[in-house]
Amino acid sequence: MSADFAAVAEAVVAKAKSDTQDLHDLAKQIKSAGGNSDAVKAWLDSSTDEEIVREREQLAAALAKIQERKKKLEEIAKAALVPDDFDAEAKAKEFKERRVKVRTLLMQAKGTIESFDQDASELQECLDNLPTISGGISASGKSPAELQAIRDWANANGYEVAERGRIKAEIVAAYDASKNEAA
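Residues numbered from 1 in each chain as written. Predicted model: local features only at pLDDT ≥ 70, side-chain atom pairs only at ≥ 80, totals over all residues. Heavy atoms only, no water.

Looking now at the overall build of the protein chain. Along the protein chain, the regular secondary structure elements total 7 helices and 2 strands. Reading the protein chain from its N terminus to its C terminus gives the helix and strand order α-α-α-α-α-β-β-α-α. Across its three principal axes, the protein chain shows a C-alpha extent of roughly 70 × 65 × 35 Å. Among the 183 residues that make up the protein chain, the fraction classed as buried is 13%. Counting only contacts in the protein chain whose residues sit at least 6 apart along the sequence, the fraction spanning at least 24 positions is 34%. Summed over all atoms, the accessible surface of the protein chain reaches about 14900 Å², with 56% contributed by carbon and sulfur. In the protein chain, 27 positive and 34 negative side-chain charges are present, and the distance between their average locations comes to 4 Å. (Helix = DSSP H or I, 4+ residues; strand = E, 2+ residues; numbered from the N terminus. Buried < 20%, exposed > 50% of the residue type's maximum accessible area, 1.4 Å probe, protein only. Contact = heavy atoms within 4.5 Å. Areas by Shrake-Rupley, 256 points an atom, 1.4 Å probe, with all protein chains shown as cover. Lys, Arg positive; Asp, Glu negative; His and termini not counted. Charge placed at Lys NZ, Arg CZ, Asp CG, Glu CD.)

On the surface, Leu23, Leu26 and Ile30 cluster together to form a nonpolar patch covering roughly 310 Å² of accessible area. Tracing the chain through its elements places leucine 26 in helix H1 (residues 2-33). Residue classification places leucine 26 among the partly exposed residues on the basis of a relative accessible area of 42%. (Patch = residues over 30% accessible without salt bridge, like charges linked within 9 Å, V, L, I, M, F, W, Y side chains within 5 Å. Salt bridge = Lys/Arg side-chain N within 4 Å of Asp/Glu carboxyl O.)

What follows concerns the packing of aromatic side chains. Enumeration over the complete set of coordinates arrives at 2 aromatic pairs. Aromatic pair tryptophan 153 and tyrosine 175: ring centres 5.8 Å apart, planes at 75°, arrangement edge-to-face. Of this pair, tryptophan 153 sits in helix H6 (residues 144-156) while tyrosine 175 is found in helix H7 (residues 169-182), placing the two residues 22 residues apart along the sequence. Classification of tyrosine 175 as buried rests on a relative accessible area of 12%. Here a set of aromatic residues connected by ring pairs shows up, and it is made of Trp153, Tyr159 and Tyr175. (Phe/Tyr/Trp six-rings, centres within 6.5 Å; stacked < 30°, edge-to-face > 60°.)

On the surface, Asp49, Glu50, Glu51 and Glu55 cluster together into a patch of negative charge. With relative accessibility at 41%, the residue aspartate 49 sits in the partly exposed group.

This structure, assessed with the given rule, holds 7 salt bridges. For glutamate 68, the salt bridge identified is with lysine 72, shortest N-O distance 3.8 Å. With glutamate 68 and lysine 72 both in helix H3 (residues 50-81) and 4 residues apart, the pair spans about one turn of that helix. Close ionic contact of lysine 91 with glutamate 94 constitutes a salt bridge, the shortest N to O distance being 4.0 Å. Of this pair, lysine 91 and glutamate 94 both sit in helix H4 (residues 88-115), 3 residues apart, roughly one helical turn. Under the relative-accessibility criterion, glutamate 94 is labelled partly exposed at 35%.

Moving on to the nonpolar core. Judged by nonpolar contacts, Leu147, Ile150, Trp153, Ala154, Val161, Ile167, Ile171, Val172, Ala174 and Tyr175 together constitute the single largest core of 10 residues. Looking at this core, the elements that each hand over two or more residues are H6 and H7. In this structure, isoleucine 171 is in contact with Ile150, Trp153, Ala154, Tyr159, Glu160 and Val161, ignoring residues within four places of it in sequence. (Core = buried A, V, L, I, M, F, W, Y, C linked by side-chain atoms within 4.5 Å.)

And the structure:
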């Protein structure tokens, strides 16, 4: 009896695998014949048709020109935004050194609190939201005060948010949107 069952089970598995492969093949055929974006891009990138090659080269030159102009505009914006006496490298170095100290302190405090079986979620939240810098002047992440402001706003606007821990990205986005509307 068990040999018969094993044979039936093997046949069912083989049929399921075959049907699944057939479905994959059909999906691939539909995507290819339907001109999906990957197939279109691959064809455009590999075509040797003279008109297509010429258009591709013109597009590449135009995109390079756009990137060049965008870079010039960004340099103008940076010059307008950054005060003459602002030493971005020194500030970035100071930031990195202070961030390491704060992170170390948070991790040590969290470890100590957890060793006494106490809730360290607020410290973890601070760790998760330590700001980083890129380009020397911009920071990302939310400060503890910003997180509390988001919680207060969320509670006042009908969102359900915990007193501690991570805040859902949708709530942060709604908060940010409300701040942008108010501005």
